[in-house]
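Structural overview
Below are the chains, spelled out letter by letter.
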Amino acid sequence: MRGRGRGGAGGGARLEVRAECDGCGEPLTAGVRDGELACGSCGRRYPVAGAEAFEECPVCGCRRFFRQKAFPRVLGIGLVVVGAVLVPFTYGVSLMVLALVDLLIYRGVPQMAVCYLCRAEFRGVPVPARILPFRHHMAEGYEKRRERRDRQRPRREPQP
Ligand SMILES: [Zn+2]
Ligand SMILES: [Zn+2]
């Protein structure tokens, strides 16, 4: 997977959702088509009409989101490791250079919105300013709700 979502895509923003299907628990990783997100495993459909405005999560109906960099964390950590390894040879300059590289990469990276309850990720569209970074005290409440929700989830039951 490549983080080349920016520029050159053309044709306007396209919402991409990464979530776990509420029906079968399989990962939902598809672009939104015709205002709908469909599960490849169980066929469950999620209308995403309001999702670009981030009013309600199409997967779980939660109304709270937080913003996060759509940047693979591993890459950032990898850079730090490389910088640290090179320290003895570059007298510490490598760390400074890499900190700068890291900063530049981070700045150019688009952001995504994440649902507090089901942790669905929404990329490819601008995140509205009212969606704030992750707040721990908010997440704690949702953690309990998520556990309860997971317990209630029917296991592979046919849709009515
Ligand atoms: Zn499913
Ligand atoms: Zn959700």
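Residues numbered from 1 in each chain as written. Chains lettered and ligands numbered in written order. Predicted model: local features only at pLDDT ≥ 70, side-chain atom pairs only at ≥ 80, totals over all residues.

What follows deals with the overall build of the protein chain. From N to C terminus, the protein chain includes 3 helices and 7 strands. Helices (α) and strands (β) of the protein chain occur, in sequence order from the N terminus, as β-β-β-β-β-α-α-β-β-α. Out of the 160 residues in the protein chain, the part that is buried amounts to 19%. Nonlocal contacts in the protein chain, meaning residues at least 24 apart in sequence, comprise 57% of its contacts between residues at least 6 apart. (Helix = DSSP H or I, 4+ residues; strand = E, 2+ residues; numbered from the N terminus. Buried ≥ 20, exposed ≤ 12 C-beta atoms within 10 Å, placed from the backbone. Contact = placed C-beta atoms within 7 Å.)

This part is about the environment of V109. In this fold, V109 is placed in the loop between α2 (93-108) and β6 (111-115). Expressed as a C-alpha distance, the spacing of V109 and A70, which sit 39 residues apart in the sequence, is 6.5 Å.

This paragraph deals with helix α3 (residues 136-152). If you check α3, its first and last C-alpha atoms are 24 Å apart, about what 17 residues at 1.5 Å a residue would give, namely 24 Å. In terms of residue burial, α3 counts as a barely covered element, since only 0 of its 17 residues are buried. (Expected span 1.5 Å × (residues − 1).)

Grouped together as the largest cluster of nonpolar side chains are 25 residues, with contacts concentrated most on V17, C57, V59, C115, C118 and A120. For this core, the secondary-structure elements that each account for two or more residues are β1 (16-20) and β6. Ranked by the residues each element gives to this core, the list is headed by β6, at 4 residues. Other than its neighbours up to four places away in sequence, C115 contacts C57, V59, C60, C62, F65 and A120. (Core = buried A, V, L, I, M, F, W, Y, C linked by C-beta atoms within 7 Å.)

This part takes up the pairing of β1. Burial along β1 is one-sided: the face carrying V17 and A19 is buried and the face carrying E16, R18 and E20 is not. As paired strands, β1 and strand β7 (residues 121-123) are joined by 3 bridges and run antiparallel to one another. The partner of V17 across the bridge, within β7, is F122. (Pairing = 2+ DSSP bridges.)

For the rest of this paragraph, the subject is the confidence of the model for the protein chain. When pLDDT is averaged across the protein chain, the result is 79; 79% of the residues are at 70 or more. Mean pLDDT in the protein chain bottoms out at helix α1 (residues 73-90), which sits at 74, and peaks at β6, which reaches 92. In the model, residues 1-11 has pLDDT below 50 throughout and makes 6 contacts with residues more than four positions away in sequence or in other chains. (pLDDT = per-residue confidence, 0-100.)

With that out of the way, let us pick up the environment of P133. Assignment of secondary structure puts P133 in the loop between β7 and α3. Residues P133 and F66, 67 residues apart in the sequence, show an inter-C-alpha distance of 5.1 Å. Not counting residues within four places of it along the chain, the set of residues in contact with P133 comprises F66 and R67.

Moving on, we get to the pairing of β6. Burial within β6 is extensive, with 4 of its 5 residues counted as buried. As paired elements, strand β5 (residues 65-69) and β6 share 5 bridges and run antiparallel to each other. Residue Q68 lies in a different strand from β6, and its bridge partner there is M112. In this sheet, β7 lies alongside β6 in antiparallel orientation, the contact comprising 2 bridges.

Right, let's get into unusual backbone geometry. The residue R119 is not glycine, and still its phi comes out positive at about 65 degrees. In this fold, R119 is placed in the loop between β6 and β7. Using a count of 18 C-beta atoms within 10 Å as the deciding quantity, one classes R119 as partly exposed.

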